[in-house]
Amino acid sequence: MEFIRKPWVIIPVVILLLLSLLGWYWSAEPEMIAIESPTKGSQPVVGVATTQMLIKTTEVLLHKRGGYLSNDKIPPSVFMDNIPNWEFGVLQQIRDLAKALRNDYSRSQTQSEADKDLEIAEPKFNVDSSAWIFPSAEGEYQEGIDAMRKYLDRLSDPSQQNAQFYARADNLNDWLSLVEKRLGSLSQRLSKARPQIRVNTDLAGDANAQQSTRTASEIVAQTSWFKIDDNFYEARGTSWALIHFLKAAEVDFGPVLRDKNAIPTLRQVIRELEATQQSMSSPMIMNGNGLGMFANHSLVMSSYIARANSAIADLRRLLDDG
């Protein structure tokens, strides 16, 4: 009873408990977004699925449980790192797709004029993810969404001919090359959760290749213990966004993909990425030995990412040669 008579002791405990519960509630990852089916009897406009999905994904990033957390400066979000890293993975894919829309999808040739709204939207998504004032990341990303909506409105209006989306194999291939690099980097970082010695292959395949600074022929690769869960949740966010963008690409690039007989390969990429979204049954990211008694979640995630990346390489070859 003496404890109850000391509110200065119990109040901090209650506050800490409430903040912990709030942090747990905010740590839930969003559900998948459904792709809108075209109205029966109507002809879907090329590019609408991709543009809508980019907008919806960014809206989920800003308005999910707890809102956008990467730039929060107060508890409990200031102590959370899993969801902010998930957000960064999603944001990277939003940036890459916005860049592809501005530079490739909306332009017929390299000498053609860039779309006015996409020129506004793409830089907005590249504002520092941790910016919280003058400007705030949320405010800039929302302005990017607003500009994307203007492009979508013009794209959906048959009377407007100044907004285009060119669903060509080369355009899709260019975006997939960005995706391939992102997944390749993630796979490498995830696989370094356990220390390993790697042969340096930086200059392999070209007898005359050079690099700025000489490096050892063998490299000890290991991710910092503090970065293991960061890489894991960044990979989950990256995969979550890519699943939506690839499903939208199947709609907008359907004729191109069917002509190249590439739809099964695209769906295999999506299948591998969907495996990364399985529910976590462990309260923390384990870092056990590869063949030891305990799980190594990073190596499992790296396996899914690497298989998806390999399938994307196959998909790009089909788009080039099919």
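Throughout what follows, the structure given in this document is the object of discussion. (Residues numbered from 1 in each chain as written. Predicted model: local features only at pLDDT ≥ 70, side-chain atom pairs only at ≥ 80, totals over all residues. Heavy atoms only, no water.)

### Some points on the environment of glycine 288
Right, on to step 1. With respect to the helices and strands, glycine 288 occurs in the loop between helix 9 (263–275) and helix 10 (297–321).
Right, on to step 2. Here the alpha-carbon distance between glycine 288 and alanine 193, two residues 95 residues apart in the chain, equals 9.2 Å. (Helix = DSSP H or I, 4+ residues; strand = E, 2+ residues; numbered from the N terminus.)

### Here we look at the side chain of serine 302
Right, on to step 1. Looking at the secondary structure, you find serine 302 in helix 10.
Right, on to step 2. Exposure remark for serine 302: the relative accessible area of 8% places this residue in the buried category.
Right, on to step 3. Beyond its immediate stretch of four places on either side in the chain, serine 302 contacts Ser187, Leu190 and Ser191. (Buried < 20%, exposed > 50% of the residue type's maximum accessible area, 1.4 Å probe, protein only. Contact = heavy atoms within 4.5 Å.)

### Let's talk about the nonpolar core
Right, on to step 1. One finds Tyr105, Leu172, Trp175 and Leu257 to be the most contacted residues of the largest nonpolar core, which totals 71 residues.
Right, on to step 2. A total of 12 residues in this core trace back to one element, the largest contributor, which is helix 7 (residues 228–252).
Right, on to step 3. Dropping the residues within four chain positions of it, leucine 172 is found in contact with Tyr105, Ala249, Phe253, Leu257 and Leu319. (Core = buried A, V, L, I, M, F, W, Y, C linked by side-chain atoms within 4.5 Å.)

### Here we look at the packing of helix 2 (residues 48–63) against helix 7
Right, on to step 1. The contact between helix 2 and helix 7 brings their axes to 8 Å, and the two run at 160°. Taken together, the axis directions place helix 2 and helix 7 in an arrangement best described as roughly antiparallel. Crossing of helix 2 over helix 7 shows right-handed handedness. Mapping the contact onto sequence places Val48, Ala49, Thr50, Met53, Leu54, Thr57 and Val60 in helix 2 and Trp240, Ala241, His244, Phe245, Ala248, Ala249, Val251 and Asp252 in helix 7.
Right, on to step 2. Taken together, the residues that form the contact of helix 2 with helix 7 break down as 11 nonpolar, three polar and one charged. (Axes fitted to C-alpha atoms, helices over the stretch in contact; angles between N-to-C directions. Parallel < 35°, antiparallel > 145°, perpendicular 65-115°, else oblique. Left-handed = near helix turned anticlockwise from the far one by under 90°. Nonpolar A, V, L, I, M, F, W, Y, C, P; charged D, E, K, R; others polar.)

### Quick word on helix 7
Right, on to step 1. When the terminal C-alpha atoms of helix 7 are compared, their 36 Å separation across 25 residues agrees well with the 36 Å that a helix rising 1.5 Å per residue should span.
Right, on to step 2. In terms of burial, helix 7 is largely enclosed, as 22 of its 25 residues are buried. (Expected span 1.5 Å × (residues − 1).)

### Comments concerning the side chain of asparagine 173
Right, on to step 1. Within the secondary structure layout, asparagine 173 lies in helix 6 (residues 169–191).
Right, on to step 2. Using a relative accessible area of 5% as the deciding quantity, one classes asparagine 173 as buried.
Right, on to step 3. The residues touching asparagine 173, leaving out its near neighbours within four places in the chain, are Arg316, Leu319 and Asp320.

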